[in-house]
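Inside the fold
Given next are the chains, with one letter for each unit.
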Number of protein chains: 2
Amino acid sequence: MTRPPARPRRADALRNYERLLAAAAEAFAEHGPQAPLDDIARAAGVGNATLYRHFPTRQALLEAVYHDHIQSLCRRAEDLASAPQPAAALMSWLKGVVAQGSAAHGLAASLMAAMEGPAESWCRKAVSDAGAALLARAQEAGEIRIDITVRQLLKLVNAIALATEDEPKPEEADLIFDILLNGLRTPSGQRAEA
Amino acid sequence: MTRPPARPRRADALRNYERLLAAAAEAFAEHGPQAPLDDIARAAGVGNATLYRHFPTRQALLEAVYHDHIQSLCRRAEDLASAPQPAAALMSWLKGVVAQGSAAHGLAASLMAAMEGPAESWCRKAVSDAGAALLARAQEAGEIRIDITVRQLLKLVNAIALATEDEPKPEEADLIFDILLNGLRTPSGQRAEA
DNA sequence: ACCTGAACACCGTTCAAGT
DNA sequence: ACCTGAACACCGTTCAAGT
């Protein structure tokens, strides 16, 4: 199970924590993942040092803000784990990752950073575990090339989300995603033993 | 023809300009494209305002530093323009873009920024014009899907370079690039009229 | 324990004064 | 024309003092 980041127990600390999350969510939505931390603290009616106490890095704050989105992605992976067509299930899930990443400005950047950051990251573990099951099944079915790892796949997908982010036309993301899916299919001559 | 950024004519100004370029090249190579501009000015033995005078934005400095790399990419595109196999020529060129982008830390980021930035950017125009010829020929030959644009393609390729940058194993970049190429082939049923 | 504002350090940008 | 260092603004991080 993925362990949500520890919340404070004392009443006032918890209240500040929640306010910071709400303010950060709004700031990230409006100004992107680079929104000034001081502004977030001020909007939350809290000292800037308090923000830093609860969230030691910007990445920690981002992952906390997008916690629900991330968990939702993980849950969706579980739902798809026993879908009849393994490759289609993987594709559908990846499409969701891109869609969420494009919709929630900052999520794609967070996921990308998580994939490149330390392996102990909660977010990185949760999402890559979720994807790993889908990928393995699609690979065992011989539908997806076996030489790609979850991490590479997620980096690639997030790179696409970032590259097409704030693009006026959503079909551009669809097209590029389509190209990726096309490329993921097992090349001729390469088959898993299944 | 692509017009290199205007150089100063006065002797002292030109000398400062060159020194800034050399210092910036070293700083970007060592500390990445986010290297502090003040450090670059100091290393060049020049006031920081002088740097800003010559290069109004960081992007302008980056494009000037990588000017030779960019021109080299454009020249290579010209060389490939009449290669016997259009699709192979395009692929070979794109592979070069990724290779250069991964080798020269900061170039990939510059190209990506150029593709997303204003259309008037010198760098953006030069590179996309170079690629456009190769892409068009491969599409007319019916080998590459017709629904992708140069800009999308370059964004995608640079996203890959960024995603695999400073990755220990170079074969990772190769793999992901291979996936992309696989995906670019014309899907069944879609053919250009030639 | 937890909070706070002020202090500090850093970096990009602008400006008044120089040649 | 061009250069310069200082001034300014901004933002992240740390700290001494408070409850």
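Conventions adopted
Residues numbered from 1 in each chain as written. Chains lettered and ligands numbered in written order. Predicted model: local features only at pLDDT ≥ 70, side-chain atom pairs only at ≥ 80, totals over all residues. Heavy atoms only, no water. Contact = heavy atoms within 4.5 Å. Buried area = accessible area lost by both parts, 1.4 Å probe. Salt bridge = Lys/Arg side-chain N within 4 Å of Asp/Glu carboxyl O. Polar contact = N/O pair within 3.5 Å; in protein donor to acceptor, adjacent residues only side chain to side chain. Domains from an automatic or database assignment. Helix = DSSP H or I, 4+ residues; strand = E, 2+ residues; numbered from the N terminus.

1. Considerations on the interface of chain A and chain B
Between chain A and chain B, the contact holds 24 residues from the first and 24 residues from the second. Across the chain A/chain B interface, buried area totals approximately 1,900 Å², and carbon plus sulfur atoms make up 57% of it. If you sort the residues of chain A by the area they bury against chain B, Gln152, Leu175 and Ile179 of chain A come out on top, with a joint share of 26%. On the surface where chain A and chain B come into contact, there are 2 salt bridges. Salt-bridge contacts for arginine 145 of chain A lead to aspartate 178 of chain B; the nearest nitrogen and oxygen are separated by 3.1 Å. Across the contact surface, chain A and chain B share 4 residue pairs in polar contact (both at pLDDT 80 or more).

2. Side note on the domain arrangement of chain A
One frequent convention defines the size of an interface as the accessible area lost when the parts assemble. Residue and element names in this part refer to chain A. By domain assignment, chain A separates into domain 1 (11-64) and domain 2 (67-184). Taking the mean C-alpha position of each, domain 1 and domain 2 sit 27 Å from one another. Tallying the contact residues gives 7 residues for domain 1 and 11 residues for domain 2. A buried area of about 630 Å², summed over both sides, lies between domain 1 and domain 2, and 52% of it is on carbon and sulfur atoms. Looking only at domain 1, the three residues that lose the most surface to domain 2 are Pro33, Gln59 and Glu63, adding up to 68% of its buried area. Put simply, domain 1 and domain 2 have 0 salt bridges between them. The interface formed by domain 1 and domain 2 contains 3 residue pairs in polar contact (both at pLDDT 80 or more). For the side of domain 1 that touches domain 2, the leading source of residues is helix α4 (residues 58-65), giving 4 residues.

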